[in-house]
Amino acid sequence: MAILTPSIPISHENETNPWLAAAARFDEAAARLKLDDGMRKVLGTPAREITVHIPVQLDDGRLEVFTGYRVQHSVARGPAKGGIRFAPDVTLDEVRALASWMTWKCAVVNIPFGGGKGGVICDPRILSDAELEKLTRRYTAEIIDFIGPERDVPAPDVNTNEKVMAWIMDTYSMHARHTVTAVVTGKPRSLGGSRGRPEATGRGCMIVTLKALERLGIRPADSRVVIQGFGNVGGMAARLMRAAGFKIVCIVEYDGAVYNPNGLDVAALETHRKETGSITGFSGGEDIDRNEAMYLECDVLLPAATENVIHSGNADRLRCRILCEGANGPTTPLADEVLADKKIFVIPDILANAGGVTVSYFEWVQDRQGFFWNEQLVNQRLEEIMQESFAAVVEYASAHHTNNRIAAYMLALDRVADAIRLRGIYA
């Protein structure tokens with residue numbers, strides 16, 4: 001069984017390993033909380049790890065076998081909660097790390113879920129819709145005894161979407177012999193999805209950024225924002241932040257970056273990308289080197305794409321005042337030390353991007369009640385939770401003389417440990 005306490009210290013050679021990164025932050029938070037060895041083992045050990053091998057008949061008649069995982073890190077505070085990703089580079093270490101992050105993320109925003117995560121090793125770009133549906137349904141059937149509204153509630157993640165969630169919900173419902181909408185979140189609205197869910201992660205990033213600007217005495221209209229990633233999180237954050245008065249000076253994507261010191265027209269850039277397939281060549285800005293774009297002088301840098309983009313090799317080049325982590329794990333532990341020296345105000349991922357899981361929680365609640373909220377109520381309740389959670393993390397950091405990331409981990413570990421102590425250990 002994999003335990004979260006690292007046996008290998010973080011070095012330049014292994015700093016991008018997601019499991020070791022999660023373990024390093026866990027270890028520091030646990031030490032500061034003075035958790036005993038027994039509680040560290042309970043908090044650091046996944047409750048369940050499931051590996052399945054999935055035979056799928058491809059369109060050309062060949063049989064292929066795919067490997068899938070589902071890790072339930074903790075169910076102490078409620079059902080496991082976390083996405084399912086389809087990607088060729090999925091590993092069990094990655095899924096373990098993401099499941100633990102989900103435990104801490106749910107605890108930071110104080111919603112009654114534990115952490116889970118799933119993944120299937122495949123390249124969805126070369127699979128047809130029919131092949132993806134077969135793969136999804138068989139994967140669901142293989143883990144069906146371990147998921148459900150009271151056990152583990154999956155959601156979309158990398159290369160999965162509301163269509164995939166609909167297939168999972170239908171497969172689960174067919175086995176249950178009745179419709180079970182609450183088995184997944186991130187579904188189409190017509191199948192029990194929540195209003196406000198597509199915007200939730202980006203909106204959550206904006207809400208906590210506004211609170212950080214307020215602390216630093218910066219008006220949104222005076223703030224320059226660089227966003228790395230123009231997908232669901234980065235694109236939505238860009239759209240919402242521009243509407244709130246922020247100046248989005250640069251968008252960075254995998255194939256280039258576009259810059260306008262006076263602020264980009266985000267809606268026009270989205271239209272340009274739809275028409276051309278790229279953000280480059282946009283008439284409302286100039287193309288710049290995508291790697292150098294991360295080091296532009298700005299008030300807010302919002303990495304919203306992949307893991308480990310800020311590391312020991314480049315952290316000293318950042319020129320932002322606030323780092324709002326829209327992606328999971330964009331900053332390595334070694335980079336944290338550099339950011340602290342530079343006095344960059346970090347809004348850690350387990351707080352910054354928790355808007356998505358918060359509105360997923362709202363979706364789960366609405367499905368179980370059979371009563372749905374309007375978008376204004378969803379956004380209002382999201383804002384309340386994100387603001388309260390931001391205040392709790394900053395207060396914890398001040399009280400324990402540590403940075404925001406370790407404070408967020410400490411707050412999360414404290415809440416989960418408290419639930420375990422209150423429940424006791426069933427023997």
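Relevant structure appears above.
Residues numbered from 1 in each chain as written. Predicted model: local features only at pLDDT ≥ 70, side-chain atom pairs only at ≥ 80, totals over all residues. Heavy atoms only, no water.

Asks: What should I look at first to understand the overall build of the protein in this one?
Replies: When helices and strands are counted, the protein shows 14 helices and twelve strands. The C-alpha atoms of the protein give 21 Å as radius of gyration, which agrees with the globular expectation for 427 residues (22 Å, within 12%). Charge centroids of the protein, computed over 47 positive and 54 negative side chains, lie 4 Å from each other. (Helix = DSSP H or I, 4+ residues; strand = E, 2+ residues; numbered from the N terminus. Rg over C-alpha atoms; globule rule 2.2 N^0.38 Å. Lys, Arg positive; Asp, Glu negative; His and termini not counted. Charge placed at Lys NZ, Arg CZ, Asp CG, Glu CD.)

Asks: Is there a simple way to think about the sheet that holds strand β1 (residues 48-57) in this case?
Replies: Consider a sheet: its strands pair through backbone hydrogen bonds, and that pairing is either parallel or antiparallel. An order of β1-β2-β4-β3-β5 is seen for the five strands of this open sheet, with the pairing classed as mixed. The sheet terminates laterally at β1 and β5 (152-156), the two strands that pair on one side only. When strand polarity is set aside, the average angle formed by the axes of neighbouring strands in this sheet is 20°. As judged from the ten bridges shared by β1 and strand β2 (residues 63-72), these two strands associate in the antiparallel manner. Bridging from a neighbouring strand, Ile50 pairs with Arg70 of β2. (Pairing = 2+ DSSP bridges. Axes fitted to C-alpha atoms, helices over the stretch in contact; angles between N-to-C directions.)

Asks: How should I be thinking about unusual backbone geometry in this particular structure?
Replies: Among all residues save glycine, negative phi is the norm, and among peptide bonds the norm is trans. Of note, Arg177 is a non-glycine position whose phi angle comes to about 70°, a positive value. As for its position among the elements, Arg177 is in the loop between α5 (162-176) and α6 (200-216). Judged by its relative accessible area of 71%, Arg177 is exposed. (Buried < 20%, exposed > 50% of the residue type's maximum accessible area, 1.4 Å probe, protein only.)

Asks: Please explain the pattern of salt bridges as it appears in this structure.
Replies: A side chain with one charge can pair with a side chain of the opposite charge if their charged atoms come near. Across all of its chains, the model carries 29 salt bridges by this definition. Glu49 is the partner of Arg96 in a salt bridge, and the nearest nitrogen-oxygen pair spans 2.7 Å. Taken together, the residues Arg96 in helix α3 (residues 92-108) and Glu49 in strand β1 connect sequence positions 47 residues apart. Since its relative accessible area comes to 14%, Arg96 is described here as buried. On the basis of relative accessibility, which here comes to 25%, the residue Glu49 falls in the partly exposed class. Through salt bridges that share partners, Arg25, Glu325, Asp336, Asp349 and Arg405 make up one connected network. (Salt bridge = Lys/Arg side-chain N within 4 Å of Asp/Glu carboxyl O.)

Asks: Looking at this structure, how should I read the layout of surface pockets?
Replies: Over the atoms rolls a probe the size of a water molecule, and in doing so it shows where empty space is left. A volume near 390 Å³ is recorded for the second largest pocket. Considering the residues around the second largest pocket, the lining is formed by 18 residues, among which Val42, Ala47, Val75, Ala76 and Ile420 are closest to the centre. The element best represented in the lining of the second largest pocket is helix α14 (residues 404-423), accounting for four residues. (1 Å grid on protein atoms, 1.4 Å probe; cavity = no way out; pocket = protein on both sides within 12 Å on 5 of 7 lines; lining within 4 Å. Points joined across faces, edges and corners; volume = space filled by probe spheres on them.)

Asks: Sorry if this is basic, but what is going on with the packing of α6 against helix α13 (residues 375-400) here?
Replies: Think of two packed helices as two axes; the pair is described by the angle between the axes and how far apart they sit. Where α6 contacts α13, the axes come no closer than 10 Å and their chain directions differ by 45°. Viewed along their axes, α6 and α13 adopt a mutual orientation that is oblique. Between α6 and α13 lies a crossing whose hand is right-handed. Residues Ala200, Arg203, Gly204, Ile207, Val208, Lys211, Ala212 and Arg215 of α6 pack against Asn379, Leu382, Glu383, Met386, Gln387, Phe390 and Val394 of α13. In the contact of α6 with α13, the residues fall into eight nonpolar, three polar and four charged. (Parallel < 35°, antiparallel > 145°, perpendicular 65-115°, else oblique. Left-handed = near helix turned anticlockwise from the far one by under 90°. Contact = heavy atoms within 4.5 Å. Nonpolar A, V, L, I, M, F, W, Y, C, P; charged D, E, K, R; others polar.)

Asks: Help me out: how do you make sense of the pairing of strand β8 (residues 256-259) in this one?
Replies: Regular strands show a simple pattern: their side chains alternate between the two faces of the sheet. The sheet contact formed by strand β7 (residues 247-253) and β8 spans four bridges and is antiparallel. Across the sheet, Cys250 pairs through a bridge with Tyr259, a residue of β8. Between the antiparallel neighbours β7 and β8 lie two residues. Direction of pairing for β8 relative to strand β9 (residues 286-288): antiparallel, over a ladder of three bridges. When the sheet's bridge partners are listed, Ala257 is paired in β9 with Ile288.

Asks: When you look at the sheet that holds β7 in this model, what are you seeing that I'm missing?
Replies: The strand order across the open sheet built from seven strands is β9-β8-β7-β6-β10-β11-β12, with neighbouring strands paired in mixed fashion. Among the strands making up the open sheet, the edge pair consists of β9 and β12 (345-347). Going across the sheet, the axis of each strand differs from the next one's by a mean of 20°, ignoring polarity.

Asks: I'm lost on the packing of helix α4 (residues 129-143) against α5 in this one. Help?
Replies: One can describe the packing of α4 onto α5 by two numbers: an axis separation of 9 Å at closest approach and a directional angle of 45°. If you check the angle between α4 and α5, you find them oblique. Between α4 and α5 lies a crossing whose hand is right-handed. On α5, the residues that touch Asp129, Leu132, Glu133, Thr136, Arg137, Thr140 and Ala141 of α4 are Lys163, Val164, Trp167, Ile168, Asp170, Thr171, Tyr172 and His175.

Asks: Please clarify how the nonpolar core should be interpreted in this entry.
Replies: Most often, soluble globular proteins keep nonpolar side chains buried together rather than apart. If you look at the biggest cluster of nonpolar residues, it comprises 86 residues, and the most contacted ones within it are Leu43, Trp104, Ile251, Ile347 and Leu413. Counting residues per element, this core draws most heavily on α14, which supplies eleven residues. Contact partners of Ile251, with chain neighbours within four places excluded, come to Ile227, Phe230, Ala238, Gly256, Ala257, Val258, Leu264, Leu269 and Ile279. Core analysis: the second largest hydrophobic core is formed by 26 residues, Ile54, Ile84, Leu135 and Val183 among them. (Core = buried A, V, L, I, M, F, W, Y, C linked by side-chain atoms within 4.5 Å.)

Asks: I keep staring at α13 and nothing clicks. Help me out?
Replies: At 3.6 residues per turn, the α-helix brings residues three or four places apart onto the same side. The terminal C-alpha atoms of α13 lie 37 Å apart, and with 26 residues this matches the ideal 38 Å at 1.5 Å per residue to within 8%. Listed as buried for α13 are Val378, Asn379, Leu382, Ile385, Met386, Ser389, Phe390, Val393, Val394, Tyr396 and Ala397. Its side-chain oxygen placed 3.2 Å from the backbone nitrogen of Gln376, Asn374 serves as the N-cap of α13. Positioned one or two residues after α13, His401 has a phi angle of 55°, which is positive. (Expected span 1.5 Å × (residues − 1). Polar contact = N/O pair within 3.5 Å; in protein donor to acceptor, adjacent residues only side chain to side chain.)

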